Amino acid sequence: MKSLGIDVGATTIKGGIVSDGKIVRYCKVPTDTENGAEGILRSLYTVIERLIGYADADSAVGISSTGDIDPVEGKVIYATDVMPEYSGVDIKKLVESHTGRSAFIANDCVSALIGEMRYGAGKGCRDAVMLTLGTGLGFAACTDGKILTGSRFRAGRFGHVLLYKDGRRCPCGRQGCNEAYVSATGLMRTAHKHGLMIADCNELAQYKDTQAFRETIGEFTDDFAAVIWNVAAIFDPEAIVIGGGLVHLRELWWDELAKKVPDPQLLRAAQLGNESGIIGATLLEEPDIAKSWKEAEYEAV
Ligand SMILES: [Zn+2]
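Summarised in this report is the structure supplied together with it. Not measured: the values here are computed from a predicted model. (Residues numbered from 1 in each chain as written. Predicted model: local features only at pLDDT ≥ 70, side-chain atom pairs only at ≥ 80, totals over all residues. Heavy atoms only, no water.)

Time to look at the side chain of threonine 31. For threonine 31, the location among the structural elements is in the loop between strand E3 (22–30) and helix H1 (36–51). Reaching out from threonine 31, the side chain makes a polar contact with the backbone nitrogen of threonine 12 at a distance of 3.2 Å. A polar contact of 3.5 Å, which involves the side chain of threonine 31, links it to the backbone nitrogen of isoleucine 13. Excluding residues that lie within four positions of it along the chain, threonine 31 makes contacts with Gly9, Ala10, Thr11, Thr12, Ile13, Ile40, Ser43 and Met83. (Helix = DSSP H or I, 4+ residues; strand = E, 2+ residues; numbered from the N terminus. Polar contact = N/O pair within 3.5 Å; in protein donor to acceptor, adjacent residues only side chain to side chain. Contact = heavy atoms within 4.5 Å.)

So, in structure tokens, the structure goes:
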């Protein structure tokens, strides 16, 4: 079985033909956010057109996307200003009429967790959570085999749970959210506070032997551990899967973090790397996964 999975992000739209949990063909294009929804859709269609000929004729198009997503209606409920005009876009319907195939869409961290639970770091678990540390802090939870959705598909926005009262400004408009500390952007801000004027977290490694680096990592892992303690207390998971861009720099912070959390053996680095969203997206059409949304919809009525 070969199916098409797509990951829609604010910087790039990536697509892959997935067979048995492996990407056998891949492409990515920059996301055209300068022309609003029309530009974003044009970038999405470019990826679809480049790859769809390689997918089985009867397969669906799976989409993992940034923002709050309603997977039942297949719509974007809300996206921040980094994706202008994306809020409210009826992705499922548009992609279905563009391709003539069924389409399924879910939030990117939800898709990544589904991918990791099938093929990666959460394999064999029924209770697992995922944190993705990139520009922001993504979160998804699966409890007793069912993806947590909430009544309006907004449950588990851990990135915007308060960490420090009157703390750093967050893109959501509030102050002191987890995301302003525990994300790639947050780590960079912590580094700046300690005098390391890096433009990118990849530059951190060159300061490894400095006191400022030790202070940066000490503070970052204190904040990260606070998030992990909260997540563990609320969800009692079998695994806490950590993904997103920062996981590739984990030799800088992982050991320090592990010393500060309640059950370090629960921490697992994402195994599907940055492609877990693409791989998870191809699983969205499965009835067992769709059941998570259908039940949520039923309970919400
Ligand atoms: Zn926030």
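Turning next to the sheet that holds strand E4 (residues 61–65). As summarised here, the arrangement of the 5 strands in space is E3-E2-E1-E4-E7, forming an open sheet in which the pairing is mixed. Bordering the open sheet on either side are E3 and strand E7 (103–107), each of which pairs with just one other strand. Going across the sheet, the axis of each strand differs from the next one's by a mean of 20 degrees, ignoring polarity. Examined bridge by bridge, E4 and E7 share 5 bridges and lie parallel to one another. Residue pairing across strands places serine 65 opposite asparagine 107, the latter belonging to E7. Along the sheet, H1 makes contact with strand E1 (3–8), strand E2 (12–19), E3 and E4, crossing E3 at roughly 145 degrees. Each of E1, E4 and E7 is contacted by helix H3 (residues 108–119), which is oriented at about 100 degrees to E7, the strand it contacts most. (Pairing = 2+ DSSP bridges. Axes fitted to C-alpha atoms, helices over the stretch in contact; angles between N-to-C directions.)

Right, let's get into the coordination of the zinc ion. For the zinc ion, the full set of protein donor atoms is His160 (ND1), Cys170 (SG), Cys172 (SG) and Cys177 (SG), and the range of their distances to it is 2.0 to 2.4 Å. Angles of 104 to 120 degrees at the metal separate the 4 donor atoms of the zinc ion, which places the site in the tetrahedral class. In the primary structure, the donors to the zinc ion are separated according to the pattern H-x9-C-x1-C-x4-C. Of this pair, histidine 160 sits in the loop between strand E10 (146–147) and helix H4 (184–193) while cysteine 177 sits in the loop between E10 and H4, placing them 17 residues apart in sequence. Judged by relative accessible area, histidine 160 falls into the partly exposed class, the value being 23%. (Donors = N, O, S within 2.8 Å, 3.2 Å for Na, K, Ca; no water. Tetrahedral: all angles 85-135°; square planar, octahedral: opposite > 155°, others 65-115°. Buried < 20%, exposed > 50% of the residue type's maximum accessible area, 1.4 Å probe, protein only.)

Bringing unusual backbone geometry into the picture now. Positive phi outside glycine occurs at aspartate 144, with the angle close to 50 degrees. Tracing the backbone shows aspartate 144 in the loop between strand E9 (137–143) and E10.

Attention shifts here to the packing of H4 against helix H5 (residues 211–235). Packing of H4 against H5 brings their axes to within 9 Å, and their N-to-C directions diverge by 140 degrees. Accordingly, the angle class assigned to the pair H4 and H5 is oblique. Crossing handedness for the pair H4 and H5: right-handed. Touching Leu187, Thr190, Ala191 and Lys193 of H4 are Thr216, Ile217, Glu219 and Phe220, all from H5. Partitioned by chemical class, the residues of the contact of H4 with H5 number 4 nonpolar, 2 polar and 2 charged. (Parallel < 35°, antiparallel > 145°, perpendicular 65-115°, else oblique. Left-handed = near helix turned anticlockwise from the far one by under 90°. Nonpolar A, V, L, I, M, F, W, Y, C, P; charged D, E, K, R; others polar.)

The next thing to look at is the nonpolar core. Considering soluble globular proteins, one finds that nonpolar side chains tend to be buried as a cluster. Core analysis: the largest hydrophobic core is formed by 39 residues, its most contacted members being Leu131, Leu133, Phe224, Ile242 and Trp253. Taken together, the elements giving at least two residues each to this core come down to strand E8 (128–133), E9, H4, H5, strand E11 (239–243), helix H6 (254–258) and strand E12 (267–269). Among the elements that take part in this core, H5 stands out by supplying 10 residues, more than any other. When residues no more than four places from it in sequence are discounted, the contact partners of leucine 133 are Val182, Ser183, Ala184, Phe220, Phe224, Ile242, Gly243, Gly244, Gly245 and Leu246. If you look at the next biggest cluster of nonpolar residues, it comprises 29 residues, including Leu4, Ile52, Met83 and Ile91. (Core = buried A, V, L, I, M, F, W, Y, C linked by side-chain atoms within 4.5 Å.)

For the rest of this paragraph, the subject is the packing of aromatic side chains. Where two aromatic rings form a pair, the distance of their centres and the angle of their planes describe that pair. Scanning all chains against the criterion turns up 8 aromatic pairs. Following the ring pairs from residue to residue traces out a cluster consisting of Phe220, Phe224, Trp253 and Trp254. Taking NZ or CZ as reference, arginine 25 lies 3.8 Å from the ring centre of tyrosine 54, over its face. Geometry around phenylalanine 104 places lysine 92 over its ring, the cationic atom sitting 4.6 Å from the centre. (Phe/Tyr/Trp six-rings, centres within 6.5 Å; stacked < 30°, edge-to-face > 60°. Lys NZ or Arg CZ within 6 Å of the ring centre and 35° of its normal.)

What follows deals with the pairing of E4. Counting buried residues along E4, 5 of its 5 residues qualify, which places the element largely inside the surrounding structure. Neither face of E4 is open: one carries Val61, Ile63 and Ser65, the other Gly62 and Ser64, and all of them are buried. By the bridge criterion, 5 bridges tie E1 to E4 in an arrangement that is parallel. Note on E4: the bridge partner recorded for leucine 4 is valine 61.

Running from amino to carboxyl end, H1 crosses helix H2 (residues 91–99) at an angle of 45 degrees, the nearest separation of the two axes being 12 Å. With respect to each other, H1 and H2 are oriented oblique. For the pair H1 and H2, the crossing hand works out as right-handed. Judged by residue contacts, Leu41, Leu44, Tyr45, Ile48 and Glu49 of H1 engage Ile91, Leu94, Val95, His98 and Thr99 from H2. Taken together, the residues that form the contact of H1 with H2 break down as 7 nonpolar, 2 polar and 1 charged.

Structural measurements only, silent on function.
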